[in-house]
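What the coordinates show
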Amino acid sequence: MIIAVSWLAVQPTIATSFESGRAEFAVTVNDLEIPYSVFALFVLPGELLSLEADGSVVSADASQSAPEQSALGWRWRAPGSPGIYRLDVTRGGHRIALNVFVLVPRDRVRNERLNDYLIGTYPSEPLNGNPLYEQPDGFIELTEANADTQLSPHFRLGQFPSKQSGGYPKYLVLREQLLLKLELLLEALNNDGRTAETLTIMSGYRTPFYNAAIRNVPYSRHVYGGAADIYVDESPRDGDMDDLSRDGRIDYRDAQYLLRLADTLFRDADYVELRGGMGVYRRNAAHGPFLHIDARQLRARWGELP
Ligand SMILES: [Ca+2]
Ligand SMILES: [Ca+2]
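About the cut-offs
- Residues numbered from 1 in each chain as written.
- Chains lettered and ligands numbered in written order.
- Predicted model: local features only at pLDDT ≥ 70, side-chain atom pairs only at ≥ 80, totals over all residues.
- Heavy atoms only, no water.
- Helix = DSSP H or I, 4+ residues; strand = E, 2+ residues; numbered from the N terminus.
- Buried < 20%, exposed > 50% of the residue type's maximum accessible area, 1.4 Å probe, protein only.
- Areas by Shrake-Rupley, 256 points an atom, 1.4 Å probe, with all protein chains shown as cover.
- Lys, Arg positive; Asp, Glu negative; His and termini not counted.
- Charge placed at Lys NZ, Arg CZ, Asp CG, Glu CD.
- Donors = N, O, S within 2.8 Å, 3.2 Å for Na, K, Ca; no water.
- 1 Å grid on protein atoms, 1.4 Å probe; cavity = no way out; pocket = protein on both sides within 12 Å on 5 of 7 lines; lining within 4 Å.
- Points joined across faces, edges and corners; volume = space filled by probe spheres on them.
- Nonpolar A, V, L, I, M, F, W, Y, C, P; charged D, E, K, R; others polar.
- pLDDT = per-residue confidence, 0-100.
- Contact = heavy atoms within 4.5 Å.
- Pairing = 2+ DSSP bridges.
- Axes fitted to C-alpha atoms, helices over the stretch in contact; angles between N-to-C directions.
- Salt bridge = Lys/Arg side-chain N within 4 Å of Asp/Glu carboxyl O.
- Tetrahedral: all angles 85-135°; square planar, octahedral: opposite > 155°, others 65-115°.
- Polar contact = N/O pair within 3.5 Å; in protein donor to acceptor, adjacent residues only side chain to side chain.

**Side note on the overall build of the protein**
When helices and strands are tallied, the protein shows four helices and 21 strands. In terms of principal-axis extent, the alpha carbons of the protein reach across some 65 × 50 × 40 Å. Burial analysis of the protein (306 residues in total) assigns 49% to the buried set. As displayed, the protein offers around 15400 Å² of accessible surface, 48% of which is attributable to carbon and sulfur atoms. Across the protein, 31 positive and 40 negative side-chain charges occur, with their mean positions spaced 5 Å apart.

**Remarks on the coordination of the calcium ion (ligand 1)**
Note on the calcium ion (ligand 1): its protein donors are Asp233 (OD), Pro236 (O), Asp238 (OD), Asp240 (O) and Asp242 (OD). The metal-donor distances range over 2.2 to 2.4 Å. Exposure remark for Asp240: the relative accessible area of 18% places this residue in the buried category. The buried category is assigned to Asp242, whose relative accessible area is 5%.

**Focus on the layout of surface pockets**
Quantified by volume, the largest pocket comes out at close to 1000 Å³. Looking at the largest pocket, it is lined by 38 residues, and the ones nearest its centre are Asn30, Leu32, Arg175, Glu176 and Gln177. Counting residues per element, the ones that place at least two in the lining of the largest pocket are strand 1 (22-29), strand 2 (32-36), strand 3 (38-43), strand 13 (138-142) and helix 2 (176-191). Looking at the lining of the largest pocket, the element that brings in the most residues is helix 2, giving four residues. Looking at the lining of the largest pocket, its residues break down into 22 nonpolar, five polar and eleven charged.

**Let's talk about the confidence of the model for the protein**
Of the residues in the protein, 95% have a pLDDT of 70 or more, and the chain-wide mean is 93. Scored below 50 in pLDDT, residues 1-14 shows zero contacts in the model against residues more than four places distant or in partner chains.

**Re the sheet that holds strand 3**
On the basis of which strands lie adjacent, the open sheet formed by four strands has the order 3-9-8-5 and mixed pairing. Strands with a single pairing partner mark the edges of an open sheet, and in this sheet they are strand 3 and strand 5 (56-59). Looking at each pair of strands side by side, their axes are set apart by 25° on average, direction ignored. By the bridge criterion, six bridges tie strand 3 to strand 9 (residues 94-102) in an arrangement that is parallel. Considered in strand 9, the bridge of Phe39 is made with Leu98.

**Quick notes on the pattern of salt bridges**
Where charged atoms from two side chains of opposite charge approach closely, those side chains can pair. Throughout the structure, instances matching the rule amount to 14 salt bridges. The partner of Asp88 in a salt bridge is Arg95, with the nearest N and O atoms 4.0 Å apart. Put simply, Arg299 and Asp263 hold a salt bridge, and the shortest N to O gap is 3.6 Å. Of this pair, Arg299 sits in the loop between strand 20 (290-294) and strand 21 (300-303) while Asp263 sits in helix 4 (residues 252-266), placing them 36 residues apart in sequence. With relative accessibility at 14%, the residue Asp263 sits in the buried group.

**Looking at the coordination of the calcium ion (ligand 2)**
On the protein side, the calcium ion (ligand 2) has Asp243 (OD), Ser245 (OG), Asp247 (OD), Arg249 (O), Asp254 (OD) and Asp254 (OD) as donor atoms, found 2.2 to 2.7 Å from it. Each of the six donor atoms bound to the calcium ion (ligand 2) contributes to angles spanning 51 to 166°, and the resulting shape is irregular.

**Description of the side chain of Asp254**
The topology assignment puts Asp254 in helix 4. As a buried residue without a salt bridge, Asp254 has its nearest oppositely charged side chain in Arg283, at a separation of 7.1 Å. In terms of polar contacts, Asp254 uses its side chain to reach the backbone amide nitrogen of Leu244, at 3.1 Å. Beyond its immediate chain neighbours, meaning those up to four positions away, Asp254 contacts Met241, Asp242, Asp243, Leu244, Ser245 and Arg249.

**Side note on the sheet that holds strand 18 (residues 227-231)**
Ordered in space as 17-18-20-19-21, the five strands form an open sheet in which the pairing is mixed. Pairing within the sheet leaves two strands with one partner each, and these edge strands are strand 17 (200-203) and strand 21. On average, each strand axis in the sheet is inclined to that of its neighbour by 25°, with strand direction left out of account. Together, strand 19 (277-281), strand 20 and strand 21 form the strand contacts of helix 4, whose direction differs from that of strand 19 by roughly 165°.

Shown next, in the form of structure tokens:
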């Protein structure tokens, strides 16, 4: 008994147990199933959303148009002005909060800038005619005031902007499928005994301007809001990857650990829509080891593979 007490006494601060943020039910928005208690949607001004939920859909703000229910499900027309709006989906005592970002339309970009923020120029034609590589229809406006807005249970808007210099407002593009992938991977990580509250987004969205400045290929998934370069930085929280592989070293093998975890997870037939690319990167002078992950719907693997 004495031994047990002293063993407890030397335990480091016990991390709070991970909560997945999964809701008691799911809502399907424009064919995308969302199983989380909070999630973001990115829509154009006046866009009509179709929601299927075994519950009620209500506007959190009475000044917004009210969702309408028909035999086909719920429909809601987004407001005409860019901003963040709230829809609540409720069932019994449970709720899914949808943070709806009404985008600033692309036609407001002038001379490669949106307000003063440098966007650059997108390729005029999508890659191989693939609609995933069409110029984005609009941009999320990021301000100091809305940077903490939750996009999903463990990710916030302020984690994703392009790493270029320049003040607020900033503008970015994100795809809901990327957020789903990141949440699922984070949950798998915690289920595998690596307690983490979020993934560190080393690079999320990149403007075409910034992407060209770092000499990346023009059709990078980052410029379409569908990719993130990630690492896990929880213990120690030192701006570098953690020893996920538990071999006493911080190197590309820790990114390989993440790749293996994601590979197993997204092999599941339920996640066929979330298929995509992954690349393992070694440490260099500019960054530590990391994993690139995207939702390009085609399987691709590169870098230092396991
Ligand atoms: Ca670390
Ligand atoms: Ca390691």
